[in-house]
Amino acid sequence: MTTSTKFWDKIAEKYANSPITHEDEYQKKLTITQSYFTPDMDVLEFGCGTGSTAIVHAPHVKSYTAIDISENMIQIAERKRQQKQLTMLSFKKATLDDYASQQSSYDAVLGLSILHLLPDPEQAIQTAYHMLKPGGVFVTNTACLQNTMAFLKYLLPIPRWLGFVPYVHFMSRNALEGYLIKAGFELEYKWVPEKGKHVYFIVARKR
């Protein structure tokens, strides 16, 4: 975890200034996610990065808590929040485990572009499940590289050891679905974008 934190702290400014790839598909994900929001909802997003998505989503709900392991990422996100004066939004440096005790506390949990960067995505999904209220939704946008770029698993260990890339967990779409179903979720929406085909966008509901 320390190594990952250093990596994301190091690239925070560059990450913040990077343009969104496949803007049309990103906008579709925002629209689909917001279709599940109501003004009385409490939302948690983990792995929020520099907060761009949280900034867009927060005005649609009662409270929006966004967390990340990188202090530098959170500082950038907080500057954005202050500029927009979004009082319903808060950014905090934390891990998902730090919030695991808040069971049945959230109407929605978002894990966007993060599960494939965790050593145990299945455990993270189970944690998210327990944090949701009954009927709550979990939204994830996950790189399932086992389906599209499995060969990278043999190329990344050295660059990762040198600190050039973060840890990457290679999973398939079937494995991701299996983790969600095993945790107790029902899969309500599934989408593999045409351009960003490496990712799998899913909305799952807690029974």
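(A) Representation of the overall build of the chain in the model. A count of helices and strands for the chain gives eight helices and seven strands. Taking 17 Å as the expected radius of gyration for a compact globule of 207 residues, we find that the chain reaches 16 Å, a close match to that expectation. Counting only C-alpha atoms, the chain reaches 45 × 40 × 35 Å along its principal axes. Taking all 207 residues of the chain together, 49% fall into the buried category. By sequence separation, contacts in the chain at least 24 residues apart represent 70% of the contacts at least 6 residues apart. For the chain, the exposed area adds up to about 10,500 Å²; of that, 52% sits on carbon and sulfur atoms. Each charge sign in the chain was given a centre, from 23 positive and 20 negative side chains, and these centres are 3 Å apart.

(B) Here's a closer look at the nonpolar core. By size, the foremost hydrophobic cluster in this structure holds 39 residues, and its most contacted members are F46, L115, F138, L176 and F185. Contributions of two or more residues to this core are made by α1 (2-16), β1 (42-46), α4 (71-84), β4 (106-112), α5 (121-131), β5 (132-143), α8 (173-183) and β7 (199-206). Residue contributions to this core peak at five residues, all from α5. The next biggest cluster of nonpolar side chains, apart from the first, holds 25 residues, and it includes I32, V43, I55 and L112.

(C) Representation of α5 in the model. Of all eleven residues in α5, eight are buried, a share of seventy percent or more. Those residues of α5 not exposed but buried are P121, E122, A124, I125, T127, A128, Y129 and M131. Where α5 is buried, its residues contact β1, β4, β5, α8, β6 (185-191) and β7.

(D) How the structure looks around the packing of α5 against α8. Between α5 and α8, whose axes approach to 9 Å, the crossing angle comes to 35 degrees. Once α5 is placed against α8, the crossing between them reads as right-handed. Along the contact surface, α5 presents P121, E122, I125, Q126 and Y129, while α8 presents L176, Y179, L180, K182 and A183. Class assignment for the residues of the contact of α5 with α8 results in seven nonpolar, one polar and two charged.

(E) Examining the packing of aromatic side chains more closely. Overall, the coordinates contain seven aromatic pairs when judged by the stated rule. With a centroid separation of 6.2 Å and an interplanar angle of 85 degrees, the aromatic rings of W8 and Y15 are classed as edge-to-face. Arranged with centres 6.4 Å apart and planes meeting at 5 degrees, the rings of F46 and F138 form a pair that is stacked. Taken together, the residues span a long stretch of sequence, with F46 in strand β1 and F138 in strand β5 at a distance of 92 residues. Accessibility assignment for this pair places F46 and F138 in one class, buried. In textbook terms, an aromatic cluster arises when at least three aromatic residues are bridged by ring pairs, as seen for F46, Y129, F138 and F185. Taking the ring centre of W191 as reference, the NZ or CZ of K28 above it sits at 4.0 Å. When the ring centre of Y129 is taken as reference, the NZ or CZ atom of K206 above it lies at 4.8 Å.

(F) Structural detail: the pairing of β1. With five of its five residues buried, β1 lies for the most part within the structure. Burial along β1 is two-sided: D42, L44 and F46 and V43 and E45, pointing in opposite directions, are all buried. On the question of chirality, the crossover connecting β1 to the parallel strand β2 (residues 63-68) by way of helix α3 (residues 52-57) is right-handed. Relative to β4, β1 is paired through four bridges, and the arrangement is parallel.

Thresholds applied
- Residues numbered from 1 in each chain as written.
- Predicted model: local features only at pLDDT ≥ 70, side-chain atom pairs only at ≥ 80, totals over all residues.
- Heavy atoms only, no water.
- Helix = DSSP H or I, 4+ residues; strand = E, 2+ residues; numbered from the N terminus.
- Rg over C-alpha atoms; globule rule 2.2 N^0.38 Å.
- Buried < 20%, exposed > 50% of the residue type's maximum accessible area, 1.4 Å probe, protein only.
- Contact = heavy atoms within 4.5 Å.
- Areas by Shrake-Rupley, 256 points an atom, 1.4 Å probe, with all protein chains shown as cover.
- Lys, Arg positive; Asp, Glu negative; His and termini not counted.
- Charge placed at Lys NZ, Arg CZ, Asp CG, Glu CD.
- Core = buried A, V, L, I, M, F, W, Y, C linked by side-chain atoms within 4.5 Å.
- Axes fitted to C-alpha atoms, helices over the stretch in contact; angles between N-to-C directions.
- Left-handed = near helix turned anticlockwise from the far one by under 90°.
- Nonpolar A, V, L, I, M, F, W, Y, C, P; charged D, E, K, R; others polar.
- Phe/Tyr/Trp six-rings, centres within 6.5 Å; stacked < 30°, edge-to-face > 60°.
- Lys NZ or Arg CZ within 6 Å of the ring centre and 35° of its normal.
- Right-handed = clockwise from strand over helix to strand, strands pointing away.
- Pairing = 2+ DSSP bridges.

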